[in-house]
Amino acid sequence: MIPLLNIIYLLVGAYTIVALIFVILCGKNVRAAYVSIERLNFLMLIVLAWIGWHFYSSSYVDLVRIMDEIEAAHSQGVGYLVRLYTFNPLSVVLLLPGYFTGSAQVMQLVGTVGTYGLMFIAIAKLCRLFSLSPAMMILLTDAILIMYDFGSASTNIRFPIAFWLVVIGLCQYYRRKYASSIILILLAALTHLGVIIIPALYFVVNVLKKNYNRIIFCVLLLMYFPCMTVLVGILKSMPGRVFWEIGDRLAGYVGMTDNYQYSYDAISIANGGRK
């Protein structure tokens, strides 16, 4: 059995060679090179989907919990998932293929196709946004494919999909397409509330025009735990259930809940996840 990391390396190597051949054949026609690489990305997505179908994780991942929730929904009805994901209703849509098939492999396929499909779209938008050459587009794709954790894409499902929706939304915002940006970020938040912090940090950094303000902001980020403690307290004290939910989830991440040792995050870390 070839290790997954070696398979990814071989796949990225083959992808790079073929993509560079396309760039050479297109010559100075940058648009044609972009289109050729995007078509190659579609083929790459099919290969990644096949790997995702056959992937097996030995650690505790989101998919373990998701399949437990789907099993409970089979006895209580799909309404159980709706109640469970009240503030993340689009998560229910992502879980429906697993609900109807009862297959963890189907859910892995959903996670892989959704994550990498959106990732390739985000890369294409970033390259056009910053006028990167086709060669730089290939290098950027290579770097992300190597650095991005395949196991997270195929088994965490909800957060990776929401994350890339946010990235695409921020690209649209940068291009001043505000309506589509808001819609994409809203869709991401309805999939996983945890991604809200990404556009929030983006807008804070953009608001802090002066260097000393940015330095203060970076210092606060370095003081992660004290700042998170204050942030959790603020969110939980604000009116509205949605703020409490975000604060409660953040509290779980930093171990501030009374029953943290029994939470999903603690179990995940104890079983080798979240490395």
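Up top is the structure.
What you are looking at is a predicted structure, and each value in this text was computed from that prediction instead of being measured. (Residues numbered from 1 in each chain as written. Predicted model: local features only at pLDDT ≥ 70, side-chain atom pairs only at ≥ 80, totals over all residues. Heavy atoms only, no water.)

1. Structural notes on the overall build of the protein chain
Item 1. Regarding its fold elements, the protein chain presents 15 helices and zero strands.
Item 2. Here the protein chain holds 275 residues, and 42% of them are scored as buried.
Item 3. In the protein chain, 67% of the contacts between residues at least 6 apart in sequence involve partners at least 24 apart.
Item 4. Summing over all exposed atoms, the protein chain offers an accessible surface of approximately 15300 Å²; the carbon and sulfur share of this is 70%. (Helix = DSSP H or I, 4+ residues; strand = E, 2+ residues; numbered from the N terminus. Buried < 20%, exposed > 50% of the residue type's maximum accessible area, 1.4 Å probe, protein only. Contact = heavy atoms within 4.5 Å. Areas by Shrake-Rupley, 256 points an atom, 1.4 Å probe, with all protein chains shown as cover.)

2. Let's talk about empty space enclosed by the protein
Item 1. Inspection of every chain in the model, using the stated rule, returns one cavity of 30 Å³ or more.
Item 2. Within this model, the largest cavity holds a volume of roughly 30 Å³.
Item 3. Lining the largest cavity, in full, are Ile8, Leu11, Val12, Met44, Leu48, Tyr116 and Leu145.
Item 4. Here the lining of the largest cavity is composed, by residue class, of seven nonpolar, no polar and no charged. (1 Å grid on protein atoms, 1.4 Å probe; cavity = no way out; pocket = protein on both sides within 12 Å on 5 of 7 lines; lining within 4 Å. Points joined across faces, edges and corners; volume = space filled by probe spheres on them. Nonpolar A, V, L, I, M, F, W, Y, C, P; charged D, E, K, R; others polar.)

3. Here's the deal with the state of the cysteines
Item 1. Under the counting rule described, the total for this entry stands at zero disulfides.
Item 2. Here Cys127 stays free of any disulfide, with the sulfur of Cys171 as its closest cysteine sulfur at 9.6 Å.
Item 3. A relative accessible area of 0% places Cys127 in the buried class.
Item 4. Owing to a relative accessible area of 3%, Cys171 belongs among the buried residues under this scheme. (Disulfide = S-S within 2.5 Å.)

4. Description of helix 10 (residues 178-191)
Item 1. End to end, helix 10 covers 20 Å across 14 residues, agreeing with the expected 20 Å (1.5 Å per residue, within 8%).
Item 2. Along helix 10, the residues classified as buried are Ser181, Leu184, Ile185, Ala188, Ala189 and Thr191. Along the long axis of helix 10, the arc covered by the buried residues comes to 160°, so they all point the same way. Among the exposed residues of helix 10, those pointing more than 90 degrees away from its buried face are Ala179 and Ile182.
Item 3. On the buried face of helix 10, the contacting elements are helix 5 (89-101), helix 9 (158-174) and helix 11 (197-207). (Expected span 1.5 Å × (residues − 1). Arc of directions from axis to C-beta.)

5. Some words on the side chain of Ser181
Item 1. Tracing the chain through its elements places Ser181 in helix 10.
Item 2. Here Gly169 takes part through its backbone oxygen, which lies 2.8 Å from a polar atom of the side chain of Ser181.
Item 3. Apart from the residues lying within four places of it in its own chain, the contact partners of Ser181 are Gly169, Gln172 and Tyr173. (Polar contact = N/O pair within 3.5 Å; in protein donor to acceptor, adjacent residues only side chain to side chain.)

6. Brief notes about helix 1 (residues 4-26)
Item 1. Relative to the 33 Å expected for 23 residues at 1.5 Å per residue, helix 1 spans 33 Å between its end C-alpha atoms, a close match to the ideal helical length.
Item 2. Buried within helix 1 we find Ile8, Leu11, Val12, Tyr15, Thr16, Ala19, Val23 and Cys26.
Item 3. Against the buried residues of helix 1 lie helix 2 (30-54), helix 7 (134-147) and helix 8 (150-155).
Item 4. Gly27, located one to two residues past helix 1, shows a positive phi value of around 60°.

7. Remarks on the pattern of salt bridges
Item 1. Counted by the stated rule, this structure contains three salt bridges.
Item 2. Arg128 is the salt-bridge partner of Glu38, the closest N and O atoms lying 2.4 Å from each other. Pair noted here: Glu38 is in helix 2 and Arg128 is in helix 6 (residues 104-129), with a separation of 90 residues, a long-range link.
Item 3. Classification of Glu38 by relative accessible area gives partly exposed; the value is 28%.
Item 4. Shared partners join several salt bridges into a network, and the residues in it are Asp62, Arg65 and Glu69. (Salt bridge = Lys/Arg side-chain N within 4 Å of Asp/Glu carboxyl O.)

The analysis is restricted to geometry; functional conclusions fall outside its scope.
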